[in-house]
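Coordinate analysis (summary)
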Amino acid sequence: MWLLIVEDEKRLARSLAGGLTAEGYSVDVVHDGLEGLHRASESPYDLIILDIMLPGMNGYRVCSTLRAAGNDVPILMLTAKDGEYDEAEGLDTGADDYLTKPFSYVVLVARVKALLRRGGQGAGAPAVHVLGDLKVDTAARRVFLRDGGTEVEAALTTKEFAVLEQLVVRAGEVVSKTEILDHVWDFAYDGDPNIVEVYVSALRRKLGAGLIRTVRGAGYRLERPETAR
């Protein structure tokens, strides 16, 4: 599952991202409403944790703009305010749930899991991606290769699957090394960025050398069947 946190309190955002990453989610973090709207409009997130008081564009407007565009990704709103009016306004703009600061992290995780169960894959993103002889089930976190008429499950590590997932959900597009690092290792990773190359090489060995192409100076692209050679 791929989550977006839009929160301008950087310590809180960092804490939430770390905790949710430990829960097994891939997490992106932005601190500005306009950037949050851009990210949510361009990527198939499974859920958004959205603060109300944000620079650039407040959470109410981000939420209502996404809903007006037909984006039905589950949205959990956060606010330091309290009171029935604020909750009603948040829900009226299309939010799915509402949490007032300060809140228990355990409660937030429970709300996130409930929204993901209720919203399925969110934003219309499919759980199973089929690309030629490759089938990736992002919900079950399993990968299969067709060998003749038989499907054989590929044995991937957790990190290998996470890297593959970022490429699969954007198949045919170039995904930068930085984006993969942010999604898989989280935004606070300060190790060697070439670790991405190690995992891409492992995926090529296990899934086929021609599946993932290097786009020099830009990143990696998982080829669709009609373009793969």
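Worth saying up front: this structure is predicted, and the values here are computed from it rather than measured.

Criteria and cut-off values
- Residues numbered from 1 in each chain as written.
- Predicted model: local features only at pLDDT ≥ 70, side-chain atom pairs only at ≥ 80, totals over all residues.
- Heavy atoms only, no water.
- Pairing = 2+ DSSP bridges.
- Helix = DSSP H or I, 4+ residues; strand = E, 2+ residues; numbered from the N terminus.
- Axes fitted to C-alpha atoms, helices over the stretch in contact; angles between N-to-C directions.
- UniProt positions renumbered as here; feature names shortened; annotations may be inferred.
- Contact = heavy atoms within 4.5 Å.
- Buried < 20%, exposed > 50% of the residue type's maximum accessible area, 1.4 Å probe, protein only.
- Right-handed = clockwise from strand over helix to strand, strands pointing away.
- Parallel < 35°, antiparallel > 145°, perpendicular 65-115°, else oblique.
- Arc of directions from axis to C-beta.
- Polar contact = N/O pair within 3.5 Å; in protein donor to acceptor, adjacent residues only side chain to side chain.
- Phe/Tyr/Trp six-rings, centres within 6.5 Å; stacked < 30°, edge-to-face > 60°.
- Lys NZ or Arg CZ within 6 Å of the ring centre and 35° of its normal.

**Focus: the sheet that holds strand β1 (residues 2–6)**
Strand order in the open sheet made by the five strands is β2-β1-β3-β4-β5, with parallel pairing throughout. Both edges of this open sheet fall to β2 (26–30) and β5 (97–100), since each of them pairs with a single strand only. Pairs of neighbouring strands in the sheet enclose a mean axial angle of 20 degrees, with direction left out of account. For β1 and strand β3 (residues 47–51), the ladder comprises four bridges, and the chain directions are parallel. Counted as the bridge partner of Leu3 is Leu47 from β3.

**Brief notes about the sheet that holds strand β9 (residues 150–154)**
To summarise the sheet geometry, strands pair through backbone hydrogen bonds and adopt either a parallel or an antiparallel arrangement. A sheet is described by the order of its strands in space; here four strands give the open sequence β6-β7-β8-β9, paired in antiparallel fashion. Edge positions in the sheet fall to β6 (128–131) and β9, since each of these pairs with one other strand and no more. Within this sheet the neighbouring strands show an average axis-to-axis angle of 25 degrees, counted without direction.

**Comments concerning the UniProt feature "modified residue: 4-aspartylphosphate" (unreviewed entry) in the protein**
With numbering matched to this structure, UniProt assigns "modified residue: 4-aspartylphosphate" (unreviewed entry) to Asp51. Assignment of secondary structure puts Asp51 in strand β3. Not counting chain neighbours up to four residues away, the residues in contact with Asp51 comprise Val6, Glu7, Asp8, Gly59, Leu78, Thr79 and Lys101.

**Considering the pairing of β2**
Buried residues dominate β2, accounting for five of its five residues. Residue alternation in β2 divides its side chains into two sets, Ser26, Asp28 and Val30 and Val27 and Val29, and both sets are buried. Regarding topology, helix α1 (residues 10–22) serves as the crossover connection from β1 to the parallel β2, and that connection is right-handed.

**Focus on the packing of helix α6 (residues 158–168) against helix α8 (residues 195–207)**
Following both chains from N to C, one finds α6 and α8 inclined at 90 degrees, their axes separated by 10 Å at the closest point. As the angle between them shows, α6 and α8 are arranged roughly perpendicular. For the pair α6 and α8, the contacting residues are Lys159, Glu160, Val163 and Leu164 in the first and Tyr199, Val200, Ala202, Leu203, Lys206 and Leu207 in the second.

**A short note on helix α2 (residues 33–42)**
Among the residues of α2, Gly33, Gly36, Leu37 and Ala40 are the ones counted as buried. End-on view of α2: buried residues confined to an arc of 100 degrees, all on one side of the axis. Buried-residue contacts for α2 involve β1, β2, β3 and α3 (59–68). The opening residue of α2, the one whose side-chain oxygen lies 2.8 Å from the backbone nitrogen of Leu34, is Asp32.

**Some thoughts on the packing of aromatic side chains**
For the structure shown, the criterion picks out one aromatic pair. Look at Trp2 and Tyr45: their rings are 4.6 Å apart centre to centre, the planes differ by 50 degrees, and that puts the pair in the tilted class. Here Tyr45 lies in the loop between α2 and β3 and Trp2 lies in strand β1, a separation of 43 residues in the sequence. For the residue pair Trp2 and Tyr45, the accessibility class agrees, reading buried in each case. Over the aromatic face of Phe144 sits the side chain of Lys135, whose NZ or CZ is 5.3 Å from the ring centroid.

**With respect to the pairing of β3**
Of all five residues in β3, five are buried; the element is thus mostly enclosed. Burial of β3 is two-sided: the residues Leu47, Ile49 and Asp51 facing one way and the residues Ile48 and Leu50 facing the other way are all buried. The sheet contact formed by β3 and strand β4 (residues 75–79) spans four bridges and is parallel. Its bridge partner lying in β4, Asp51 is registered against Leu78. In this region the chain leaves β3, passes through α3 and returns to the parallel neighbour β4; the handedness of that crossover is right-handed.

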